[in-house]
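Here's the letter readout for the chains.
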Amino acid sequence: MENALVVKNQDGKEVTVNVIDIIEDTVNNKQYVCYNFTEMDGVFISRLVETEEGYSLETVTEEERDAVESSLAQIVPEE
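Residues numbered from 1 in each chain as written. Predicted model: local features only at pLDDT ≥ 70, side-chain atom pairs only at ≥ 80, totals over all residues. Heavy atoms only, no water.

Chemist: Would you mind going over the pairing of strand β5 (residues 54-58) in detail, with residue names and values included?
Modeler: In terms of strand pairing, strand β1 (residues 4-8) meets β5 through two bridges, oriented parallel. Residue pairing for β5: Val 7 is matched across the bridge by Tyr 55. Inspection of the sheet shows strand β4 (residues 44-51) paired to β5 by five bridges, in the antiparallel sense. Residue pairing in the sheet places Glu 50 in a bridge with Tyr 55 of β5. (Pairing = 2+ DSSP bridges. Helix = DSSP H or I, 4+ residues; strand = E, 2+ residues; numbered from the N terminus.)

Right, here's the structure in full:
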């Protein structure tokens, strides 16, 4: 599967997500990942955290979500 990433969810369980895009916030030194799951509809946004054991996903605030969506809107033109 192309653009797949194995991460740990909030419960510590490993899950595979299909990465749509990764947005870097160089001001706050954070990375956000936009992704979906093969078996689910919808696009999700989480903070991507790299640890010694691998990657984990953390919940984003509404403010962070809005900033990521704004960044994506600048990259992907509306149809």
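On we go.
Chemist: Outline the sheet that holds β1, supporting the account with residue identities and numerical values.
Modeler: Read around the closed barrel, five strands run β1-β2-β3-β4-β5, paired in mixed fashion. Each strand of the sheet is rotated relative to its neighbour by a mean of 60°, with strand direction disregarded. Here helix α1 (residues 62-75) sits on the sheet and contacts β2 (14-25), β3 (30-36) and β4; the angle it forms with β2, its principal contact strand, is near 75°. (Axes fitted to C-alpha atoms, helices over the stretch in contact; angles between N-to-C directions. Contact = heavy atoms within 4.5 Å.)

Chemist: Go over the nonpolar core, please, and point to the residues and values.
Modeler: Counting 10 residues, the largest nonpolar core is built from Leu 5, Val 7, Val 15, Val 17, Val 19, Val 33, Tyr 35, Phe 37, Leu 48 and Leu 57. Leave out the neighbours within four places in its chain, and Phe 37 touches Val 15, Thr 16, Val 17, Asn 18 and Phe 44. Counting seven residues, the second-largest nonpolar core is a separate cluster that includes Cys 34, Val 60, Val 68 and Leu 72. (Core = buried A, V, L, I, M, F, W, Y, C linked by side-chain atoms within 4.5 Å. Buried < 20%, exposed > 50% of the residue type's maximum accessible area, 1.4 Å probe, protein only.)

Chemist: Could you give an account of a negative patch on the surface, naming the residues involved and the relevant values?
Modeler: There is a patch of like negative charges on the surface, built from Glu 62, Glu 63, Asp 66 and Glu 69. On the secondary structure map, Glu 62 appears in helix α1. (Patch = residues over 30% accessible without salt bridge, like charges linked within 9 Å, V, L, I, M, F, W, Y side chains within 5 Å. Areas by Shrake-Rupley, 256 points an atom, 1.4 Å probe, with all protein chains shown as cover. Salt bridge = Lys/Arg side-chain N within 4 Å of Asp/Glu carboxyl O. Lys, Arg positive; Asp, Glu negative; His and termini not counted. Charge placed at Lys NZ, Arg CZ, Asp CG, Glu CD.)

Chemist: Run through the pattern of salt bridges, naming residues and quoting values.
Modeler: Counting across every chain of the model gives two salt bridges. Two residues, Glu 64 and Lys 30, come together in a salt bridge whose shortest N-O distance is 3.4 Å. Residue Glu 64 is found in helix α1, and its partner Lys 30 is found in strand β3; the two are separated by 34 residues along the sequence. Among the residues examined, Lys 30 registers a relative accessible area of 27% and is labelled partly exposed.

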